[in-house]
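Listed below, chain by chain, are the residues.
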Amino acid sequence: MEITYEQAGQITRLAVLALGAEESVHVLHPNQIVAFQGEPSLREDSLMKLSGMYRKKRMLQSRIRGPARFMLGLPEGYCLGTVDIQAEDDLLFEFRHVLFYTEGMSFRTHVQTVRNAIMTRDLIKMRFQGPGTLGLLTAGPIYPVELDPEQPLYVDVGCLVAYPQHVRLTPCVYGNALASQYMNYHWEIKGSGTVLLQPCKPDRQLDAHMESDSMMRRILREVIPFGGIFIK
C-alpha cells in the first residue's frame, strides 16, 4: 500500500491510497471516501458490530481490495497519520481515532477501569496486533514520546491517542494551586515504551479566544472562576 497526500495551499485535504492486487484495507469512516478508481466490485460495505457502531457513531464500514486507488478526505483541522503495528505490540488505542486498518490485522477490546472510563468517556480501548498499518485521524500530526521509567509523563487527557497496555495511568493535575485549578485533567503515565500524542484537540473555547474580543473580557474569563461560562 502506498499513501500520498494532496494539498490545497499549505493544508493537506486528501490522502490517496493505492492498493496492489493482493492488498485490502478496512475503512471505518466510509463517508470520507471522496473518490475511487477501480472495479466497483472491489468495494464491499458491511454492518459494523454493535460495539463499533456505539463507539464510532456509524453503522457501516468498507473493505476495499486492490488493485484500486481511492481518496480519503480529511476533515478541517485533522491530520492522517499511520502507525506500523507488529505482532508483539501492546498499544491501546482510542477507537474513535482509527480511520482504517490493513487486512490481516486483528484487534481485541480492553475494558478500562471505571475511573479511567469516566475520565475518557470511553469504556473500551482497542489493542491492534499486526503486522499491518493503522490510519489515525488526529488533531495535528501524531507525536511519539518515549517514556522514562524514573520520571512520569503528564499528558492532557484529550491529547493521548495510544499508550502501552502495561503502563500505569493515574488521573491528576499538577503545578501550583492556580495551575491545578484551571488546567484540564492529565494522565500521569509511569512505565516504559512509547505513547502517541496529538498536539491539540478540537476546542471551541480556543476558537473563540482566537477571534477578536476585548482585552477586559478575556482577562475576566481567565481570572474569575467559571468566567468562561458566565462571560460571553
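Quick caveat, the model's predicted, so the values are computed rather than measured. (Residues numbered from 1 in each chain as written. Predicted model: local features only at pLDDT ≥ 70, side-chain atom pairs only at ≥ 80, totals over all residues. Heavy atoms only, no water.)

A. Here's a closer look at the overall build of the protein. The helix and strand inventory of the protein stands at 6 helices and 19 strands. Within the protein, buried positions represent 39% of all 232 residues. With an accessible surface of roughly 13600 Å², the protein has 56% of that area assigned to carbon and sulfur atoms. (Helix = DSSP H or I, 4+ residues; strand = E, 2+ residues; numbered from the N terminus. Buried < 20%, exposed > 50% of the residue type's maximum accessible area, 1.4 Å probe, protein only. Areas by Shrake-Rupley, 256 points an atom, 1.4 Å probe, with all protein chains shown as cover.)

B. Structural context of the pairing of strand β13 (residues 132-138). The buried fraction of β13 is high, at 7 of 7 residues. Across the two faces of β13 the burial is the same, with G132, L134, L136 and T138 and T133, G135 and L137 all buried. Summarising the sheet, strand β8 (residues 79-85) and β13 pair through 7 bridges and their orientation is antiparallel. When the bridges of β13 are listed, G81 appears paired with L136. For strand β10 (residues 98-102) and β13, the ladder comprises 3 bridges, and the chain directions are antiparallel. In the sheet register, F100 faces β13, and the bridge partner there is G135. (Pairing = 2+ DSSP bridges.)

C. Looking closely at the environment of T12. As for its placement among the helices and strands, T12 is situated in strand β2 (residues 11-19). Along the chain, T12 and G77 lie 65 residues apart, while their C-alpha atoms are 9.6 Å from each other. Not counting residues within four places of it along the chain, the set of residues in contact with T12 comprises Y5, E6, Q7 and L74. (Contact = heavy atoms within 4.5 Å.)

D. View of the sheet that holds strand β15 (residues 153-156). Strand order in this open sheet of 3 strands is β15-β18-β17, and the pairing throughout is antiparallel. Looking at which strands have only one partner, the edges of the open sheet turn out to be β15 and β17 (168-172). Each neighbouring strand pair of the sheet contributes to a mean axis angle of 30 degrees, computed without reference to strand direction. In this sheet, strand β18 (residues 186-190) lies alongside β15 in antiparallel orientation, the contact comprising 4 bridges. For Y154, the partnering residue across the bridge sits in β18 and is E188. (Axes fitted to C-alpha atoms, helices over the stretch in contact; angles between N-to-C directions.)

E. Region of interest: the sheet that holds strand β19 (residues 194-197). Ordered by their spatial adjacency, 6 strands build an open sheet running β11-β12-β9-β16-β19-β14, and the pairing between neighbours is antiparallel. Since the sheet does not close on itself, it has two edges, and those belong to β11 (106-111) and β14 (143-146), each with one partner. Looking at each pair of strands side by side, their axes are set apart by 30 degrees on average, direction ignored. Bridge analysis of β14 against β19 gives 4 bridges, and the strand direction is antiparallel. Pairing of V145 across the sheet is with V195, part of β19.

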